[in-house]
Amino acid sequence: MQYVVSLPIIIHVDNQSAIKIASNDIFRERTKHIDTKYHFIKHHINNNTVKLSWIETKHQIADIFTKPLSSPEALFFQHRDNLVSFIQ
């Protein structure tokens, strides 16, 4: 495909707790239930191949694929336009 990927890959996340858990090597009693398959992202954060970056929920373009959007028309069209401009 001849697409060059620059590292670290930035993943925009709208959940600050998820970012803190993924970036913190210390596990607490409340996080011990997390399945080992989710430690994959921690491995890549520690190797500087992935970086998690917080983004406001209203700007999370991926929501168009993952959840119903409140005020569907306006938010759908905003995310659609942002997605198209991101691809170009």
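Up top you'll find the structure we're talking about.
Residues numbered from 1 in each chain as written. Predicted model: local features only at pLDDT ≥ 70, side-chain atom pairs only at ≥ 80, totals over all residues. Heavy atoms only, no water.

**Student:** What exactly am I supposed to notice about the overall build of the protein chain here?
**Tutor:** Per the secondary structure count, the protein chain includes four helices and two strands. Put simply, the protein chain has 88 residues, and 18% of those count as buried. Within the structure as shown, the protein chain displays about 7,400 Å² of accessible surface, and the carbon and sulfur contribution to it stands at 59%. (Helix = DSSP H or I, 4+ residues; strand = E, 2+ residues; numbered from the N terminus. Buried < 20%, exposed > 50% of the residue type's maximum accessible area, 1.4 Å probe, protein only. Areas by Shrake-Rupley, 256 points an atom, 1.4 Å probe, with all protein chains shown as cover.)

**Student:** Where do I start with the nonpolar core in this structure?
**Tutor:** Generally speaking, a soluble globular protein has its nonpolar side chains buried in company with each other. Core analysis: the biggest nonpolar cluster contains six residues, these being Val13, Ile19, Ala22, Ile45, Val50 and Leu52. Going through the elements one at a time, helix H1 (16-23) and strand E2 (50-54) are the ones with two or more residues in this core. Sequence-distant contacts of Val13, that is, excluding residues within four places in its chain, are made with Ile19, Leu52, Ser53, Trp54, Ile55 and Gln60. (Core = buried A, V, L, I, M, F, W, Y, C linked by side-chain atoms within 4.5 Å. Contact = heavy atoms within 4.5 Å.)

**Student:** Would you mind going over the pattern of salt bridges with me for this structure?
**Tutor:** Two side chains with opposite charge may pair up if their charged atoms get near one another. A full pass over the atoms with the stated rule returns one salt bridge. Arg80 serves as the salt-bridge partner of Asp81, at 3.0 Å between the closest nitrogen and oxygen. The exposure class assigned to Asp81 is partly exposed, which follows from its relative accessible area of 41%. With relative accessibility at 36%, the residue Arg80 sits in the partly exposed group. (Salt bridge = Lys/Arg side-chain N within 4 Å of Asp/Glu carboxyl O.)

**Student:** It is not clear to me how the side chain of Lys42 should be interpreted in this structure. Could you clarify?
**Tutor:** Locating Lys42 in the fold gives a position in helix H2 (residues 39-46). In terms of polar contacts, Lys42 uses its side chain to reach the backbone carbonyl oxygen of Ile21, at 3.4 Å. (Polar contact = N/O pair within 3.5 Å; in protein donor to acceptor, adjacent residues only side chain to side chain.)

**Student:** What is the right way to look at the environment of Asn24 in this model?
**Tutor:** Looking at where Asn24 falls in the secondary structure, it is placed in the loop between H1 and H2. Under the relative-accessibility criterion, Asn24 is labelled partly exposed at 33%. The spatial distance from the C-alpha of Asn24 to the C-alpha of Ile45 is 9.9 Å, given a sequence separation of 21 residues.

**Student:** Where do I start with unusual backbone geometry in this structure?
**Tutor:** If a residue is not glycine, its phi is most likely negative; likewise, a peptide bond is most likely trans. Here Leu7 and Pro8 are connected by a cis peptide whose omega angle stands at 0°. You can see Pro8 is positioned in the segment before strand E1 (9-13). With a phi close to 60°, Asn48 is a non-glycine residue in the positive phi region.

**Student:** Would you explain the packing of H1 against H2 in this entry?
**Tutor:** The description of two helices packed together rests on the angle between their axes and the distance between the axes. Two numbers describe how H1 lies on H2: the axes approach to 8 Å, and their chain directions differ by 70°. Classified by the angle their axes make, H1 and H2 are roughly perpendicular. Counting all contacts with H1, which are made through Ile21, Ala22 and Ser23, the residues of H2 involved are Ile41, Lys42 and Ile45. A class-by-class count of the residues in the contact of H1 with H2 yields four nonpolar, one polar and one charged. (Axes fitted to C-alpha atoms, helices over the stretch in contact; angles between N-to-C directions. Parallel < 35°, antiparallel > 145°, perpendicular 65-115°, else oblique. Nonpolar A, V, L, I, M, F, W, Y, C, P; charged D, E, K, R; others polar.)

**Student:** Honestly, the environment of Ile55 in this entry has me stumped. Any pointers?
**Tutor:** Examined against the element boundaries, Ile55 turns out to sit in the loop between E2 and helix H3 (63-66). A C-alpha to C-alpha distance of 5.0 Å links Ile55 and Asp14, two positions 41 residues apart in sequence. Setting aside anything within four residues of it in sequence, one finds Ile55 in contact with His12, Val13, Asp14 and Gln60.

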